[in-house]
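Chain residues, written in single-letter form:
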Amino acid sequence: MTGPDLFASFRRAEMLVARSRPLDALQALAPVLDSQPDDASVQLLAGRAYLNSAQLQRAEAAFVRVLDLDPADHYARFALGKALQRQGRLQEAHAQLKMAAVMDPRPEYQEALGEVRARMALEDD
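Model, not experiment: these values are computed from the prediction. (Residues numbered from 1 in each chain as written. Predicted model: local features only at pLDDT ≥ 70, side-chain atom pairs only at ≥ 80, totals over all residues. Heavy atoms only, no water.)

*Asks:* Is there a simple way to think about helix α3 (residues 40–52) in this case?
*Replies:* Structural remark: α-helix, 3.6 residues per turn; residues separated by three or four positions point the same way. With 13 residues, α3 should reach 18 Å at 1.5 Å per residue; the first-to-last C-alpha distance of 18 Å fits that figure. Along α3, the residues classified as buried are V42, Q43, L44, L45, A46, G47, A49, Y50 and L51. Two residues or fewer after α3 comes A54, characterised by a positive phi angle close to 60 degrees. (Helix = DSSP H or I, 4+ residues; strand = E, 2+ residues; numbered from the N terminus. Expected span 1.5 Å × (residues − 1). Buried < 20%, exposed > 50% of the residue type's maximum accessible area, 1.4 Å probe, protein only.)

Below, the structure written as structure tokens:
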């Protein structure tokens, strides 16, 4: 695939994720992932599609890869926290969500952090 074809595939995958069609997005993104495995934006989009299709371990791997490439990506930390939360790994999720909320205190990060804290408190009872 050429550069313009890869860009078109990436944009198509973005549109499909936005339309809640994560499996179609992953299919569109496959050649881009093969060609650009070390591109943080490609891994982030793949992670979102994996998360939205409940492929939680693949989502986790993609978000960890993004953080390897860019440790300051607060959204990747948030999304990794959500993937870990959905796997029941609340302590790990808490750490990632807390870091995301400190890096950027947007409401959805704060809300996710509160959810994990509540679940952890329930499990401690």
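*Asks:* Would you explain the packing of helix α2 (residues 22–35) against α3 in this entry?
*Replies:* Two packed helices can be described by the angle between their axes and the distance between those axes. Contact geometry for α2 and α3: axes closest at 9 Å, N-to-C directions at 155 degrees. With respect to α3, the axis of α2 lies roughly antiparallel. α2 and α3 meet at a crossing whose hand is left-handed. For the pair α2 and α3, contact is made by P22, A25, L26, L29, V32 and L33 and by V42, Q43, L45, A46, A49, Y50 and N52, respectively. Split into classes, the residues belonging to the contact of α2 with α3 amount to 11 nonpolar, two polar and no charged. (Axes fitted to C-alpha atoms, helices over the stretch in contact; angles between N-to-C directions. Parallel < 35°, antiparallel > 145°, perpendicular 65-115°, else oblique. Left-handed = near helix turned anticlockwise from the far one by under 90°. Contact = heavy atoms within 4.5 Å. Nonpolar A, V, L, I, M, F, W, Y, C, P; charged D, E, K, R; others polar.)

*Asks:* Before we go on, may I ask you to explain the packing of helix α1 (residues 3–18) against α3 in this structure?
*Replies:* Orientation of α1 relative to α3, taken along the N-to-C sense of each, is 30 degrees, at an axis distance of 10 Å. Accordingly, the angle class assigned to the pair α1 and α3 is roughly parallel. Here the hand of the crossing between α1 and α3 comes out left-handed. Taken together, the residues of α3 that come into contact with α1 (itself represented by F10, A13, E14 and V17) are S41, V42, L45, R48, A49 and N52. Here the residues of the contact of α1 with α3 are counted per class, giving six nonpolar, two polar and two charged.

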